[in-house]
2 protein chains.
Amino acid sequence: MSSPGGRRVGRPRAVERVGWGVDPRGELLGAAAELFTVKGYAATSTRAVAERAGMRQATMYHYVSGKEELLVALLESTVAPSLSYARALLGEEGRGARERLWELCRADVEVLCGGEFNLGGLYLLPEVRGEGFAGFRAAREELKGAYRELVGEAAGLEGGELELRTDLVFGLIEGVILVRRDAPGRAVSEFARATADAALRIAGV
Amino acid sequence: MSSPGGRRVGRPRAVERVGWGVDPRGELLGAAAELFTVKGYAATSTRAVAERAGMRQATMYHYVSGKEELLVALLESTVAPSLSYARALLGEEGRGARERLWELCRADVEVLCGGEFNLGGLYLLPEVRGEGFAGFRAAREELKGAYRELVGEAAGLEGGELELRTDLVFGLIEGVILVRRDAPGRAVSEFARATADAALRIAGV
């Protein structure tokens, strides 16, 4: 079998499937995204990731230090876009908190449901409690803090009640990680908007 | 260090921590619950489970066929109580659908947040897609079907809109698996009631 454009034949390169970019590190991330979610993190060797990305294990170590660095990067990719959007939304004075909360929820669901593989499913790995994942956990905490601020402002809540509502809203949003397994074919943008509507109802605004 | 009542010294037996009963199978389930959630499923050997339960690996095989059977049993334990309660609620003619939906949500959250270890975190293991887990997946589907029926009756919905609302409600409930990591000390019954309130708001009843 030959491929168009003179690319090598056989299994498509990881990058063509998940869009991590065309650099070697991107190929490794794409391969890791597939193997960690389909086969499991503990069950995947660094060698398997290298092979799936079409390179030798020795070459792989030029680009990443190992499996953990890939997992950290994949986890951060599920939080980073929503976190920078949240920072921008918190700084916006022109729009009300209700509207900004809705927008954050919608965008976050798009990120969590985007991509070919359910990377959010990796949140529950025991490894994520380790030291190497402090940066990811801090980013997730900051994102949750942005939710807290917007829920508090939109609903006029504070203290324990604010904490509870924030947990429920954040739980609904992250809960899409569990939902998307059941309905993989659904249009993401419609689902994201419906989830944002539901989040406002939970927040009580 | 000696222990009261003449029990052997050292680490307490698994059963004393998670209440799976005093039989050997219960001890194995307790040990597996801890190791699978704290160390990870793939990273835990059957031998490690046997040792943690205080028996030899050869003895273990008198009670269970291996690691997968333990995982199946643990997963089923997160669904079975809610499923039998759901069946009872569906058969109740006296109470309205709204009240029964609230009650199912509350009870389900209590199950998912109950126990020392976050067994729901095992839902996202790639292994759960395998053939040995068909019974668990069917039970979870039936439970979701009960939610669907109650949401439909309570909110007067059907078709795609009912499917969407059911996914959001079910996602909120299962989402507590992700929330409970952040607030492990919270009183479960209060959180369960607040989550059930939120579920009704999402269902639109």
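Residues numbered from 1 in each chain as written. Chains lettered and ligands numbered in written order. Predicted model: local features only at pLDDT ≥ 70, side-chain atom pairs only at ≥ 80, totals over all residues.

To continue, consider the overall build of chain A. Of the regular secondary structure elements, chain A holds nine helices and zero strands. Reading chain A from its N terminus to its C terminus gives the helix and strand order α-α-α-α-α-α-α-α-α. Within chain A, the fraction of its 205 residues that count as buried is 42%. Across chain A, contacts joining residues at least 24 apart in sequence account for 68% of those joining residues at least 6 apart. (Helix = DSSP H or I, 4+ residues; strand = E, 2+ residues; numbered from the N terminus. Buried ≥ 20, exposed ≤ 12 C-beta atoms within 10 Å, placed from the backbone. Contact = placed C-beta atoms within 7 Å.)

In this complex, chain B contributes 28 residues to the contact, which on the side of chain A involves 28 residues. At the level of secondary structure, the elements contributing two or more residues to the side of chain B that touches chain A comprise helix H2 (24-38), helix H8 (159-179) and helix H9 (188-203) of chain B. Ranked by residues supplied to the side of chain B that touches chain A, first place goes to H8 of chain B with ten residues. Residue composition of the side of chain B that touches chain A, grouped by class: 17 nonpolar, six polar and five charged. (Nonpolar A, V, L, I, M, F, W, Y, C, P; charged D, E, K, R; others polar.)

Moving on, we come to the nonpolar core. Membership of the largest hydrophobic core comes to 120 residues, with the highest contact counts inside it found for Ala-32, Leu-74 and Val-169 of chain A together with Ala-32, Leu-74 and Val-169 of chain B. When sequence neighbours within four positions are dropped, the list of residues in contact with Ala-32 of chain A reads Val-49, Leu-70 and Leu-74 of chain A. (Core = buried A, V, L, I, M, F, W, Y, C linked by C-beta atoms within 7 Å.)

Moving on, we get to helix H5 (residues 67-91) of chain B. All names here are of chain B. Between the first and last C-alpha of H5 there are 36 Å, a value that for 25 residues agrees with the 36 Å anticipated at 1.5 Å per step. Along H5, the sharpest change in direction is near 35 degrees and occurs at Ser-77; proline Pro-81 comes one to four residues later. Three or more residues of H5 are buried, namely Lys-67, Leu-70, Leu-71, Val-72, Leu-74, Leu-75, Thr-78, Val-79, Ser-82, Ala-86 and Leu-89. Of the surrounding elements, those touching the buried residues of H5 are H2, helix H3 (46-52), helix H6 (97-113) and helix H7 (134-155). (Expected span 1.5 Å × (residues − 1). Bend = angle between axes of the 7 residues up to and from the residue.)

As a further point, take the relation of the copies chain B and chain A. Superposing chain B onto chain A requires a rotation of 180 degrees together with a translation of 0.0 Å along the rotation axis, leaving an RMSD of 0.0 Å. Those values place the two copies in the arrangement expected of a two-fold rotation axis. Taken as a fraction of all interface residues of chain B, those also at the interface in chain A reach 100%, which identifies the copy contact as same-surface. (Least-squares fit on C-alpha atoms with pLDDT ≥ 70 in both.)

All names here are of chain B. Close contact between H7 and H8 brings their axes to 9 Å; oriented N to C, the two are set at 120 degrees. It follows that H7 is oblique to H8 by the angle criterion. For the pair H7 and H8, the crossing hand works out as right-handed. Taken together, the residues of H8 that come into contact with H7 (itself represented by Lys-144, Tyr-147, Arg-148, Val-151, Gly-152 and Ala-155) are Leu-162, Arg-165, Thr-166, Val-169 and Phe-170. Tallied by class, the residues present in the contact of H7 with H8 amount to six nonpolar, two polar and three charged. (Axes fitted to C-alpha atoms, helices over the stretch in contact; angles between N-to-C directions. Parallel < 35°, antiparallel > 145°, perpendicular 65-115°, else oblique. Left-handed = near helix turned anticlockwise from the far one by under 90°.)

On to helix H9 (residues 188-203) of chain A. Between its first and last C-alpha atoms H9 of chain A spans 22 Å; for 16 residues at 1.5 Å apiece the expected length is 22 Å, and the two agree. Listed as buried for H9 of chain A are Phe-191, Ala-192, Thr-195, Ala-196, Ala-198, Ala-199, Ile-202 and Ala-203 of chain A. All buried residues of H9 of chain A fall inside an arc of 165 degrees around its axis, so they share one side. Relative to its buried face, H9 of chain A has exposed residues pointing more than 90 degrees away, namely Ser-189 and Glu-190 of chain A. Turning to H9 of chain A, the residues buried within the fold contact helix H6 (97-113), helix H7 (134-155) and helix H8 (159-179) of chain A together with H8 and H9 of chain B. (Arc of directions from axis to C-beta.)

Residues and elements named next belong to chain A. Relative orientation of the contacting elements H6 and H9 amounts to 135 degrees, with a least axis distance of 8 Å. In this view, H6 runs oblique relative to H9, as classed from their interaxial angle. As for how H6 packs across H9, the hand of that crossing is right-handed. Contacts between H6 and H9 involve Arg-98, Leu-101, Trp-102, Cys-105, Arg-106, Val-109, Glu-110 and Cys-113 from the former and Val-188, Ser-189, Phe-191, Ala-192, Arg-193, Thr-195, Ala-196, Ala-199, Leu-200 and Ala-203 from the latter. Of the residues in the contact of H6 with H9, the class split is twelve nonpolar, two polar and four charged.

What follows deals with the domain arrangement of chain A. Think of interface size as the accessible area that goes away when the parts come together; that is how it is often given. All names here are of chain A. Each assigned domain of chain A is listed with its residue range as follows: domain 1 (12-60) and domain 2 (68-203). Of note, the centres of domain 1 and domain 2, computed from C-alpha atoms alone, are 26 Å apart. On the side of domain 2, 13 residues touch domain 1, which itself brings eleven residues to the contact. Among the elements that make up the side of domain 1 that touches domain 2, the one with the highest residue count is helix H2 (residues 24-38) (seven residues). When the residues that make up the side of domain 1 that touches domain 2 are grouped by side-chain class, the tally is eight nonpolar, one polar and two charged. (Domains from an automatic or database assignment.)

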